[in-house]
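# Chain and residue survey
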Amino acid sequence: MKANIKFLTVALCLAVAALYGCKKDYSSDFEFEDNYIAIVDELNSSGKECISPKDAVVYPEPWTKEVADTFTIPQATIENMSTCGLIQTFLNHPAAILGPWCHYCSGGYDGIIYFNSIITLNPVPAELLTRDDAFDLLLFRYINMMKELFKENDPEKVSTWLADNIAMILASDNIRLSLTKQQAEKLLVVSLRISETSEKKWGYYLNANTHIMVSALISLQYEAFLNDPCFSSGSLKTDPWGYRICHDNPGLIVKYVRDYLKANLL
């Protein structure tokens, strides 16, 4: 009887392994998983209502040039909107000028200056970044967007457009100036986990996510990174797609993030 029970137990385990064995858990070998889980748990306690806010502005359809030239959101509406409503209103905007970077620019155009100017001049994110809870709720939305995207196994079917817009706000100069050390470290943990998952699952790093890493490392004044030859001219080189290092050598950025976290969190 005991032998039969043992046999059934082993058979059940093999069946479960066969069912789930091919589903790779990309977080199981993440070195800072405990830190990541703590961040997610903290954000979940305050951001659950932020997925579908009820006060976000829905833009008119079709979004023609004539409509764009005349449509405005009253400043009073913007100021009275919830933080989650502001985030969703920003994401709802149908125009490509939201970014990230400058899709129609060429030559020596600076994508970082372009995106930061868009954030500054757009009254919705300008109001958003005055809110005390903006950082936490932006990070909450970003994590949840990426979780949904990672459910897709075929990278050809994945569009990171909306997540990129959140990522670039998190990487913007406007947020960097107000980051605390703890917030910058949260960005490093979250963006590193997303980078590792993307690389293992789809075979490449996400450009917008790598920009978060760069911004957080600069905010933390991480000397090893700031002394790298990529800063030889005193600042990072840029192009229409943002910081060049983010698409030329993202692995180097990932290395600096991992080195920082090992030295400061483990």
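This write-up is about the structure you can find in this document. Everything numeric in this text was worked out from a predicted model, so none of it was measured. (Residues numbered from 1 in each chain as written. Predicted model: local features only at pLDDT ≥ 70, side-chain atom pairs only at ≥ 80, totals over all residues. Heavy atoms only, no water.)

## Re the overall build of the chain
On a plain count of helices and strands, the chain comes out with 15 helices and 2 strands. Taking all 266 residues of the chain together, 47% fall into the buried category. When the accessible area of the chain is evaluated, it comes to approximately 14,100 Å², of which 55% is carbon and sulfur surface. (Helix = DSSP H or I, 4+ residues; strand = E, 2+ residues; numbered from the N terminus. Buried < 20%, exposed > 50% of the residue type's maximum accessible area, 1.4 Å probe, protein only. Areas by Shrake-Rupley, 256 points an atom, 1.4 Å probe, with all protein chains shown as cover.)

## Here we look at the state of the cysteines
Taken as a whole, this structure holds 1 disulfide when the rule is applied. The disulfide partner of Cys 50 is Cys 84, and the gap between their sulfur atoms is 2.2 Å. The chirality of the disulfide connecting Cys 50 with Cys 84 is left-handed, given an S-S dihedral of about -120°. In this pair, Cys 50 sits in the loop between helix 2 (33-47) and helix 3 (65-70) while Cys 84 sits in helix 5 (residues 83-92), placing the two residues 34 residues apart along the sequence. According to the relative accessible area criterion, Cys 50 is buried, its value standing at 0%. Since its relative accessible area comes to 13%, Cys 84 is described here as buried. You can see Cys 230 has no disulfide; the closest cysteine sulfur is in Cys 246, sitting 9.7 Å from it. (Disulfide = S-S within 2.5 Å.)

## Some remarks on the packing of helix 9 (residues 161-170) against helix 12 (residues 207-219)
It is the contact of helix 9 with helix 12, at a shortest axis distance of 8 Å, that shows an interaxial angle of 15°. With respect to helix 12, the element helix 9 is oriented roughly parallel. Regarding helix 9 and helix 12, the two cross each other, and that crossing is left-handed. Counted together, Asp 164, Ala 167, Met 168 and Leu 170 of helix 9 and Ala 208, Asn 209, His 211 and Ile 212 of helix 12 form the full contact between these two elements. (Axes fitted to C-alpha atoms, helices over the stretch in contact; angles between N-to-C directions. Parallel < 35°, antiparallel > 145°, perpendicular 65-115°, else oblique. Left-handed = near helix turned anticlockwise from the far one by under 90°. Contact = heavy atoms within 4.5 Å.)

## With respect to the pattern of salt bridges
Under the counting rule described, the total for this entry stands at 11 salt bridges. With a shortest N-O distance of 3.3 Å, Arg 176 and Asp 173 are connected by a salt bridge. Placement of both Arg 176 and Asp 173 in helix 10 (residues 173-176) is noted, with a separation of 3 residues, approximately one turn of the helix. (Salt bridge = Lys/Arg side-chain N within 4 Å of Asp/Glu carboxyl O.)

Everything listed here is a matter of geometry and, on its own, says nothing about what the molecule does.
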